[in-house]
Amino acid sequence: MADTEHYVRDDVRGFLDMLEQMGGKGVEEVGADEGRAQMRAMSAVAEAEPRAMAVQKDLTCPGPAGPVPIRFYDVKAERGPSPCVIFIHGGGFVIGDLDVYNALCTEISHHLDLPVVSVDYRLAPENAFPAAPDDCEAVARWVASSPDELERDITGLIITGDSAGGNLTIVTTNQLMRDPAAVPVIVQAPIYPVASDVSKHKSFSLFADGFLLTGAAMAWFTDQYKGDANDPRHTPMVGDCSNTPPTVLCTAGLDPLRDSGREYAAHLVQLGTEVVFLEFPGMIHGFTTLRKAIPSGQTDLEAFLDAVKLMVERYR
């Protein structure tokens, strides 16, 4: 039987070899400011070009500690009543921004033919937990109210995001299921999320070094975020997930976070939630914003978005 556990695609291997040759220090060594600059630099060389949008504008939304910056996208200049996608970026709650995730958000709007709102939530360590979930929930509630600034009649929410943003996707969805917004969450779609204590999983030890996201970086991110592991707004699986809407979830086969996504998807299935679970073998964490460097990631992203589109069409 082939060793699928350690199968690495050719384009992934080429990218990882390039990173190894470049050397460089991990985010846990350089700190938040330099880590943010590194992520922007990586995006500039490794991410695909953005899709053309009819509407793309930076706005702000009222938040619990002041205005929250957001970016609004629509592949169409005008549209009738429709759902809206809320996108929550990754980066360990410490790095990542609207620009790093710009191309991905245009891809989502293009592929789903829906408006997208990208959330620039407050980052740790300057703003520790629960600043990020507070901001994301505020934006989701604001978008659900069809604010004049969007010039759209919003009928439902699709909440998605990657990594730390996958965690915030689940947390925000859970908050809106407990205390509904003006329109419902019709689908949640976390991308390689943190849903449980990742340090206890086999994948965390298997892929802790040499696969872009390291165990040392994860430990540092966790320390910067300063969340309470027993709070469901930090670790969703310690709370009640029984009221979760239809879910599309994907993991990467070589990701330290892989088993957390698997565990959460299985948990939802046991609770009776409709789930589409996709795992992309031979792929690393972060691939959705590395599609120029890892071209096969584009095919994986399209498969994930096809599943989201299918689920949205069932429930919109």
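Before reading on, note that the structure itself is shown above.
Residues numbered from 1 in each chain as written. Predicted model: local features only at pLDDT ≥ 70, side-chain atom pairs only at ≥ 80, totals over all residues. Heavy atoms only, no water.

**Observations concerning the overall build of the chain**
Part 1: A tally of helices and strands in the chain yields ten helices and eight strands.
Part 2: Taken over the C-alpha atoms alone, the chain extends approximately 50 × 40 × 40 Å along its principal axes.
Part 3: Residues classed as buried in the chain amount to 59% of the 316 residues present.
Part 4: Of the contacts made within the chain by residues no fewer than 6 positions apart, 78% connect residues no fewer than 24 positions apart.
Part 5: A total of about 12500 Å² of accessible surface is found on the chain, and carbon and sulfur atoms cover 52% of it. (Helix = DSSP H or I, 4+ residues; strand = E, 2+ residues; numbered from the N terminus. Buried < 20%, exposed > 50% of the residue type's maximum accessible area, 1.4 Å probe, protein only. Contact = heavy atoms within 4.5 Å. Areas by Shrake-Rupley, 256 points an atom, 1.4 Å probe, with all protein chains shown as cover.)

**Quick look at the pattern of salt bridges**
Part 1: This model, assessed by the stated rule, comprises 25 salt bridges.
Part 2: Here Asp135 makes a salt bridge to Arg122, at a shortest N to O gap of 2.9 Å. Within this pair, whereas Asp135 is found in helix α5 (residues 131–144), its partner Arg122 is found in the loop between β4 (116–119) and α5, the two being separated by 13 residues in sequence. (Salt bridge = Lys/Arg side-chain N within 4 Å of Asp/Glu carboxyl O.)

**Some words on the side chain of Thr106**
Part 1: For Thr106, the location among the structural elements is in helix α4 (residues 102–112).
Part 2: In terms of polar contacts, Thr106 uses its side chain to reach the backbone amide nitrogen of Arg51, at 2.9 Å.
Part 3: Contact partners of Thr106, with chain neighbours within four places excluded, come to Pro50, Arg51, Met53, Gln56 and Tyr73. (Polar contact = N/O pair within 3.5 Å; in protein donor to acceptor, adjacent residues only side chain to side chain.)

**What to know about the packing of aromatic side chains**
Part 1: Counted by the stated rule, this structure contains seven aromatic pairs.
Part 2: When the centroid spacing of 5.5 Å and the interplanar angle of 75 degrees are considered together, the rings of Phe129 and Tyr225 count as edge-to-face. Within this pair, whereas Phe129 is found in the loop between β4 and α5, its partner Tyr225 is found in helix α8 (residues 215–225), the two being separated by 96 residues in sequence. When sorted by exposure, Phe129 lands in the same class as Tyr225, which is buried. (Phe/Tyr/Trp six-rings, centres within 6.5 Å; stacked < 30°, edge-to-face > 60°.)

**Brief notes about the packing of α5 against helix α6 (residues 164–178)**
Part 1: The N-to-C vectors of α5 and α6 enclose an angle of 55 degrees; their axes lie 9 Å apart at closest approach. In terms of orientation, α5 lies oblique with respect to α6. Crossing of α5 against α6: the hand is right-handed. Within the contact between the two elements, α5 uses Ala132, Pro133, Cys136, Glu137, Ala140 and Arg141 and α6 uses Leu168, Val171, Thr172, Gln175 and Leu176.
Part 2: The residue inventory of the contact of α5 with α6, partitioned by class, reads seven nonpolar, two polar and two charged. (Axes fitted to C-alpha atoms, helices over the stretch in contact; angles between N-to-C directions. Parallel < 35°, antiparallel > 145°, perpendicular 65-115°, else oblique. Left-handed = near helix turned anticlockwise from the far one by under 90°. Nonpolar A, V, L, I, M, F, W, Y, C, P; charged D, E, K, R; others polar.)

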